[in-house]
There are 2 protein chains.
Amino acid sequence: MTEPSDPLSPTRKPSREGIERAAKKIAAILPPTPLMPLKHGDSTIWCKAECLQPMGAFKIRGAWHRLSDMSEDERARGVVAFSSGNHAQGVAWAAKRLNMRATIVMPADAPQRKIDATRGYGADIITFDRRSDDRVAIAQAFAKETGAIVVPSFDDPWIIEGQGSTGLEALVQIIAQAGISPDKVVTCCGGGGLAAGIALALPGAKITVVEPDGWDDMGVSLRGKKIVPVGADAPATVCDALQTPLVSPLTFNILKDCRAQAVSVSDDEVFAAMRHAHERLRLVLEPGGAVALAAILAGKVEIDDRTLVILSGGNVDPALFSRALAA
Amino acid sequence: MTEPSDPLSPTRKPSREGIERAAKKIAAILPPTPLMPLKHGDSTIWCKAECLQPMGAFKIRGAWHRLSDMSEDERARGVVAFSSGNHAQGVAWAAKRLNMRATIVMPADAPQRKIDATRGYGADIITFDRRSDDRVAIAQAFAKETGAIVVPSFDDPWIIEGQGSTGLEALVQIIAQAGISPDKVVTCCGGGGLAAGIALALPGAKITVVEPDGWDDMGVSLRGKKIVPVGADAPATVCDALQTPLVSPLTFNILKDCRAQAVSVSDDEVFAAMRHAHERLRLVLEPGGAVALAAILAGKVEIDDRTLVILSGGNVDPALFSRALAA
């Protein structure tokens, strides 16, 4: 019995069994993303290139796990999601593959290529103003009006389990390639879905979450042992994918319980990591996808030869990428 | 009996059995590079991301096959190679792993990062002037003086077999991912080692080699059925990796016998392919590594859902990469 007793219950908690089930479903349609060794100082760290997923980020995992678990009736109702871009593309990609309607609520200032790509997968898009509108309210109003099912970007057991499959997949690869298992994981954190999922997937590993400077609400919350939103005076950040104003009890409690630590990085540190990945790994990383590597290059996280670092996304406009290369 | 009768004979011809042996040796130390589907027009083509090899290009394959087949005595003598950069890094990488000395003869105008990376693997470097010096003569003189073994960049059965393992590896992946085998292969061509190796590895597939405009000596040779060098008036090209002045009977005859076709691409077409790979695949391609995709995007090669395209390398200076993104 490896499946949760009621995997479709709306009140269930994310579980290691759910992650195993998600990993199996994802492996059936997507080849594993590469796990690439990278020498840094005296260590060789292991980079999981989730930027190479078909829509360019790990978000495809949670979206596929959630949508493919829906009943026929649920599928007919369609889905609605709110996202700065990568969850949007993940949901749109999964919906297209399952022949479902998807509507995405996206900030008007999301990178143009994320908006274009989401529309390219056939999704309808509703834009909102990141500073004045409530994206959750917009999505919920749309759901009430049309019957569509809301697919949250992190506060959901399926989403957390789907993202957590990244950890299981990497575990298998590290064992195959180096005969070892990871003892440290460094990962980005917006709402915390990926970090919480990996924490459940790799219970023996020390988790470090990385956020942009000023958007480090998960770090503040973990240190204070209670959820605190991002401050109203949060500075601008190049990490469009990580501008999540408030984490959820679900992700927070998982990370608190496993004693995750948190650090934050500056735009310049992010740009340095994007350059490094370009030169050493030949990968295109978006700012939010480079924060974990940035924290390591900046010396903010202790590493060893069993350190797994998630390169979580690669959807970045060419002009911003060139700015990072020139920085 | 899958091995050639005398795999170490210096006069042997490259063979399919040799490619199988190379593929096995390479699979023992390097995970397969990803095979990524890419929608183009009504077709989905299959991109083999050799730019994700540890040193950034397929050249690691031939170098590993050649050096790892050397006897203890040969290993003690060390190796010398001439290369604009990727074969250099491949040989240096393999030599380091086998604890051998490597000396590389490189053009003084090779991309700085290729020179730095080659030195980073512990190789000694001798630079030459691409316009006035004879790199083969320099390498041979060094070999005569020191006893080092010359490792050619394409005119060698081991090198051709090693590069050919790209084709076998992709074959296994296409079958696993889509249940089909490739009927067309589009690949870059400098000296023709990769193209000839893939032609032997996938005998049923139609091979198209792609060269930079004005450096299309393989194309001219194939059409005229005899080897012709690059003209003295060849224009400048951004494809530093494909500036090979003369192909060899070994590679030429394999490609002639399988009726390979050849096309050439402009710098602008190459830049467009680099942008496309950045946006759609999140891969960093160097100009020479993007020519095969460039030919497809420019509509110069017929494609279908069984078309394999080799993205052969990703070692490019950031300034040139930004130029491609802005073009």
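## Focus on the sheet that holds strand S1 (residues 35–40) of chain B
Residue and element names in this part refer to chain B.
And step 1. Taken together, six strands build an open sheet; the order of strands is S1-S2-S10-S7-S8-S9 and the sheet is mixed. Whereas interior strands pair on both sides, the edge strands pair on one side only; in this sheet they are S1 and strand S9 (261–265). This sheet shows a mean twist of 25° between the axes of neighbouring strands, independent of strand direction.
And step 2. On top of the sheet, helix H8 (residues 193–201) reaches strand S7 (184–188), strand S8 (206–212) and strand S10 (307–311); it is set at about 160° to S7, its chief contact.

## A word on the packing of helix H11 (residues 267–281) of chain B against helix H12 (residues 287–297) of chain B
Residue and element names in this part refer to chain B.
And step 1. With their axes 7 Å apart at the nearest point, H11 and H12 run at an angle of 95° to one another. By the criterion of interaxial angle, the relationship of H11 to H12 is roughly perpendicular. Taking contact as the criterion, the partners of Glu 269, Val 270, Ala 272, Ala 273, Met 274, His 276 and Ala 277 in H11 are, on H12, Pro 287, Ala 290, Val 291, Leu 293, Ala 294 and Leu 297.
And step 2. Each residue belonging to the contact of H11 with H12 can be placed in one class, and the counts come to eleven nonpolar, one polar and one charged.

## Re the confidence of the model for chain A
And step 1. On average, residues of chain A score 94 in pLDDT, and 97% of them reach the 70 mark or higher.
And step 2. This model gives residues 1–5 of chain A a pLDDT under 50, and the stretch forms eight contacts once residues within four places in sequence are excluded.

## Some thoughts on the relation of the copies chain B and chain A
And step 1. Mapping chain B onto chain A leaves a residual RMSD of 0.0 Å; the transformation is a rotation of 180° accompanied by 0.0 Å of translation along its axis. Expressed as a symmetry operation, the mapping of one chain copy onto the other fits a two-fold axis.
And step 2. In this assembly, 100% of the residues forming the interface of chain B have copies in chain A that are likewise at the interface, indicating an isologous arrangement.

## What about the pattern of salt bridges?
Residues and elements named next belong to chain B.
And step 1. Following the criterion strictly, the structure yields 36 salt bridges over all chains and no others.
And step 2. Here Glu 50 ties to Arg 61 by a salt bridge, and the two come within 2.8 Å at their closest N and O atoms. Of this pair, Glu 50 sits in the loop between strand S2 (43–49) and helix H2 (59–68) while Arg 61 sits in helix H2, and the two are eleven residues apart along the sequence. Considered together, Glu 50 and Arg 61 belong to a single accessibility category, that of buried residues.
And step 3. For Asp 109, the salt bridge identified is with Arg 130, shortest N-O distance 3.0 Å. With Asp 109 in the loop between strand S4 (102–107) and helix H5 (112–120) and Arg 130 in the loop between strand S5 (124–128) and helix H6 (135–146), this pair connects stretches of sequence that are 21 residues apart.
And step 4. Using a relative accessible area of 24% as the deciding quantity, one classes Arg 130 as partly exposed.

## Looking at the packing of aromatic side chains
And step 1. Under the defined criterion, the tally for this structure stands at three aromatic pairs over all chains.
And step 2. Summarising the aromatic geometry, the rings of Phe 321 of chain A and Phe 321 of chain B are spaced 6.0 Å apart at their centres and angled 65° between planes, so their arrangement reads as edge-to-face. Taken as a pair, Phe 321 of chain A in helix H13 (residues 318–326) and Phe 321 of chain B in helix H13 (residues 318–326) lie in two separate chains rather than in one.
And step 3. Lying across the ring of Trp 158 of chain A, Arg 12 of chain A places its NZ or CZ 4.2 Å from the centre.
And step 4. Here the guanidinium or amino end of Arg 97 of chain A rests over the ring plane of Trp 64 of chain A, the centre of that ring lying 5.8 Å away.

## Brief notes about the packing of helix H9 (residues 217–224) of chain A against helix H10 (residues 249–257) of chain A
Residues and elements named next belong to chain A.
And step 1. Interhelical geometry of H9 versus H10 gives an angle of 55° and a closest axis separation of 10 Å. Looking at the two axes, H9 sits oblique to H10. Like other packed secondary-structure pairs, H9 and H10 cross with a definite hand, here right-handed. Every residue of H10 that contacts H9 at Met 218, Ser 221 and Leu 222 is listed here: Thr 251, Phe 252, Leu 255 and Lys 256.
And step 2. Among the residues forming the contact of H9 with H10, the class breakdown is four nonpolar, two polar and one charged.

## Quick notes on the sheet that holds S5 of chain B
Residue and element names in this part refer to chain B.
And step 1. The strand order S5-S4-S3-S6 describes an open sheet built from four strands, whose pairing is parallel. Since the sheet does not close on itself, it has two edges, and those belong to S5 and strand S6 (149–150), each with one partner.
And step 2. Direction of pairing for strand S3 (residues 79–82) relative to S4: parallel, over a ladder of four bridges. Note that in S4 the partner of Phe 82 across the bridge is Val 105.
And step 3. Sitting on the sheet, H5 is in contact with S4 and S5, with an inclination near 175° to S4.

## Some points on the side chain of Asp 69 of chain A
Residue and element names in this part refer to chain A.
And step 1. Structurally, Asp 69 is set in the loop between helix H2 (59–68) and helix H3 (72–77).
And step 2. Residue classification places Asp 69 among the buried residues on the basis of a relative accessible area of 11%.
And step 3. Here Trp 158 takes part through its side chain, which lies 2.8 Å from a polar atom of the side chain of Asp 69.

## Details of the domain arrangement of chain A
By convention, interface size is frequently given as the accessible area that disappears when the constituent parts associate.
All names here are of chain A.
And step 1. With domains assigned, chain A is organised as domain 1 (16–57 + 157–326) and domain 2 (60–150).
And step 2. Domain 1 and domain 2 are separated by 22 Å when their C-alpha centres are compared.
And step 3. Taken together, the contact between domain 1 and domain 2 spans 32 residues of the former and 23 residues of the latter.
And step 4. With both chains or domains summed, domain 1 and domain 2 bury close to 2,300 Å², and 52% of this area falls on carbon and sulfur atoms.
And step 5. Interface area lost by domain 1 to domain 2 is led by Ile 29, Met 55 and Trp 158, which between them contribute 28%.
And step 6. Joining domain 1 to domain 2, the criterion identifies six salt bridges.

## Observations concerning the interface of chain B and chain A
And step 1. In this complex, chain B contributes 24 residues to the contact, which on the side of chain A involves 24 residues.
And step 2. Taken together, both faces of the contact between chain B and chain A bury some 1,800 Å²; the carbon and sulfur share is 60%.
And step 3. The interface formed by chain B and chain A holds zero salt bridges in total.
And step 4. Elements that contribute at least two residues to the side of chain B that touches chain A include exactly H11 and H13 of chain B.
And step 5. Top contributing element to the side of chain B that touches chain A by residue count: H13 of chain B, with four residues.
And step 6. Split into classes, the residues belonging to the side of chain B that touches chain A amount to 14 nonpolar, seven polar and three charged.

Analysis parameters
- Residues numbered from 1 in each chain as written.
- Chains lettered and ligands numbered in written order.
- Predicted model: local features only at pLDDT ≥ 70, side-chain atom pairs only at ≥ 80, totals over all residues.
- Heavy atoms only, no water.
- Pairing = 2+ DSSP bridges.
- Helix = DSSP H or I, 4+ residues; strand = E, 2+ residues; numbered from the N terminus.
- Axes fitted to C-alpha atoms, helices over the stretch in contact; angles between N-to-C directions.
- Contact = heavy atoms within 4.5 Å.
- Parallel < 35°, antiparallel > 145°, perpendicular 65-115°, else oblique.
- Nonpolar A, V, L, I, M, F, W, Y, C, P; charged D, E, K, R; others polar.
- pLDDT = per-residue confidence, 0-100.
- Least-squares fit on C-alpha atoms with pLDDT ≥ 70 in both.
- Salt bridge = Lys/Arg side-chain N within 4 Å of Asp/Glu carboxyl O.
- Buried < 20%, exposed > 50% of the residue type's maximum accessible area, 1.4 Å probe, protein only.
- Phe/Tyr/Trp six-rings, centres within 6.5 Å; stacked < 30°, edge-to-face > 60°.
- Lys NZ or Arg CZ within 6 Å of the ring centre and 35° of its normal.
- Left-handed = near helix turned anticlockwise from the far one by under 90°.
- Polar contact = N/O pair within 3.5 Å; in protein donor to acceptor, adjacent residues only side chain to side chain.
- Domains from an automatic or database assignment.
- Buried area = accessible area lost by both parts, 1.4 Å probe.

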